Amino acid sequence: MSDSDVRVRPASPTDAEALAGLCGELGYPSTVRQIRERLCLLGDPERTLLVAQAEGSLAGFIDVHVQRVVEADPYAEVGGLVVMAGHRGEGLGAALLAGAAEWGREHDLTVMWIRANLAREGVHDFYPAVGCRRVKDQRVYEYPL
Ligand SMILES: CC(C)(COP(=O)(O)OP(=O)(O)OC[C@H]1O[C@@H](n2cnc3c(N)ncnc32)[C@H](O)[C@@H]1OP(=O)(O)O)[C@@H](O)C(=O)NCCC(=O)NCCS
C-alpha cells in the first residue's frame, strides 16, 4: 500500500464503533457508549483525535493535546496511538504521528512527548524509526481517588 492510500483526518462521532475496537487493541477495552461520551474531547481546542483510514476503513488513531505545566512551556503530549493489527507496517503509525506533529506546530508547540510502556513490544523500535529521540525511562504510579 502506498502513502497516498492512507488518509489521516480528525475523528468524528460516527467513528465511535471503530474507535472502541481500537481502544481494545491498545489494551483499554471500552464500549461504544463510553467512547461516545469521551468524544466530547472533540470540542476541546487544545486536543485533537486523528484517525487513519486505509482502504476506506478506519485502522488507527492518535490522541494529542496541549500539556500545560508551571515548570515548562506548553508542549504537545500524545495520549494514545494504535494501528489495527492487520494494518501494521503499512505506514499508518508514521502518518498519524506526522499528523499529530503538524497539529502541534500549528499550535505553536515545539516538542511532542510520547510515553510508551517498556512492556510494549516493537514500539521501542518504531519511535526511533520515525524520528523520535529517547529521553528517559519512568515508572507510573496510581493514587486511588
Ligand atoms: C506502534 C504502532 C502504532 C506502529 O504503527 P505502524 O503503522 O505499524 O508503523 P509504521 O508502519 O508507520 O512504521 C513506521 C516505521 O517504524 C518501523 N516499525 C514499526 N513497527 C516496528 C516494529 N515492531 N519493529 C521495528 N520497526 C518497526 C517501520 O519499519 C517503519 O520504518 P521505515 O519507515 O524505516 O520502514 C503499531 O505497531 C501499534 O499500534 N502497536 C500496538 C499499540 C501500541 O503499542 N501503541 C503505542 C503505545 S505508546
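Computed from a prediction, not measured in an experiment: that's the story for all the values here. (Residues numbered from 1 in each chain as written. Predicted model: local features only at pLDDT ≥ 70, side-chain atom pairs only at ≥ 80, totals over all residues. Heavy atoms only, no water.)

Colleague: Kindly report on the nonpolar core, identifying the contributing residues and their values.
Modeller: Side chains of nonpolar character tend, in soluble globular proteins, to be buried together. The biggest cluster of nonpolar side chains holds 20 residues, and the ones touching the most others in it are I62, V64, L81, L92 and L96. Listed by contribution, the elements that provide at least two residues to this core are β2 (47-54), β3 (57-69), β4 (72-83), α3 (92-106) and α4 (123-129). For this core, the leading source of residues is α3, giving five residues. Setting aside its immediate chain neighbours within four residues, L96 contacts V8, L50, V51, A52, G60, F61, I62, L81, V82 and V83. (Core = buried A, V, L, I, M, F, W, Y, C linked by side-chain atoms within 4.5 Å. Buried < 20%, exposed > 50% of the residue type's maximum accessible area, 1.4 Å probe, protein only. Helix = DSSP H or I, 4+ residues; strand = E, 2+ residues; numbered from the N terminus. Contact = heavy atoms within 4.5 Å.)

Colleague: Tell me about the packing of aromatic side chains, and name the residues and values.
Modeller: Applying the stated criterion across every chain, the model contains two aromatic pairs. Ring centres 6.0 Å apart and planes at 50 degrees place the aromatic pair Y75 and W113 in the tilted group. Residue Y75 is found in strand β4, and its partner W113 is found in strand β5 (residues 112-113); the two are separated by 38 residues along the sequence. A relative accessible area of 11% places Y75 in the buried class. For W113, a relative accessible area of 27% translates into the label partly exposed. (Phe/Tyr/Trp six-rings, centres within 6.5 Å; stacked < 30°, edge-to-face > 60°.)

Colleague: So what's going on with the site of the ligand? Residues and values would help.
Modeller: Near the ligand lie 21 residues; those nearest to it are L81, V83, G91, G93 and A94. At a separation of 2.8 Å, an oxygen atom of the ligand approaches a polar backbone atom of G93. At 3.4 Å, a side-chain N or O of R120 approaches an oxygen atom of the ligand. Elements with a minimum of two residues in the shell around the ligand: β4, α3 and α4. Looking at the shell around the ligand element by element, the count peaks at five residues for α4. Taken together, the residues that form the shell around the ligand break down as twelve nonpolar, four polar and five charged. (Near = heavy atom within 4 Å. Polar contact = N/O pair within 3.5 Å; in protein donor to acceptor, adjacent residues only side chain to side chain. Nonpolar A, V, L, I, M, F, W, Y, C, P; charged D, E, K, R; others polar.)

Colleague: Now, about the pattern of salt bridges: what can you tell me, with residues and values included?
Modeller: Under the defined criterion, the tally for this structure stands at seven salt bridges. Salt-bridge contacts for R88 lead to E25; the nearest nitrogen and oxygen are separated by 3.3 Å. Taken together, the residues span a long stretch of sequence, with R88 in the loop between β4 and α3 and E25 in helix α1 (residues 16-26) at a distance of 63 residues. Judged by its relative accessible area of 47%, R88 is partly exposed. (Salt bridge = Lys/Arg side-chain N within 4 Å of Asp/Glu carboxyl O.)

Colleague: Outline the environment of E102, listing residues and values.
Modeller: By secondary structure assignment, the location of E102 is in helix α3. Distance in space between the C-alpha atoms of E102 and D5 is 19 Å, their sequence separation being 97 residues.

Colleague: So what's going on with α3? Which residues, and what values?
Modeller: An α-helix turns once every 3.6 residues. As a result, residues three or four positions apart point the same way. For α3, with 15 residues, the first-to-last C-alpha span of 21 Å sits near the 21 Å given by 1.5 Å per residue. Restricting attention to buried positions, one finds in α3 the residues L92, G93, L96, L97, G99, A100, W103 and G104. Projected down its long axis, α3 carries its buried residues within an arc of 155 degrees, all on one side. α3 presents R105 and E106 as exposed residues on the side facing more than 90 degrees away from its buried surface. (Expected span 1.5 Å × (residues − 1). Arc of directions from axis to C-beta.)

Colleague: Lay out α1 in plain terms, naming residues and giving numbers.
Modeller: Among the residues of α1, those classed as buried are A16, L19, A20, L22, C23 and L26. When α1 is viewed along its axis, its buried side chains cluster within an angular range of 165 degrees and face the same direction. Where α1 is buried, its residues meet α2 (32-38), β2, β3 and β4. With its phi angle positive at about 105 degrees, G27 sits one or two positions after the end of α1.

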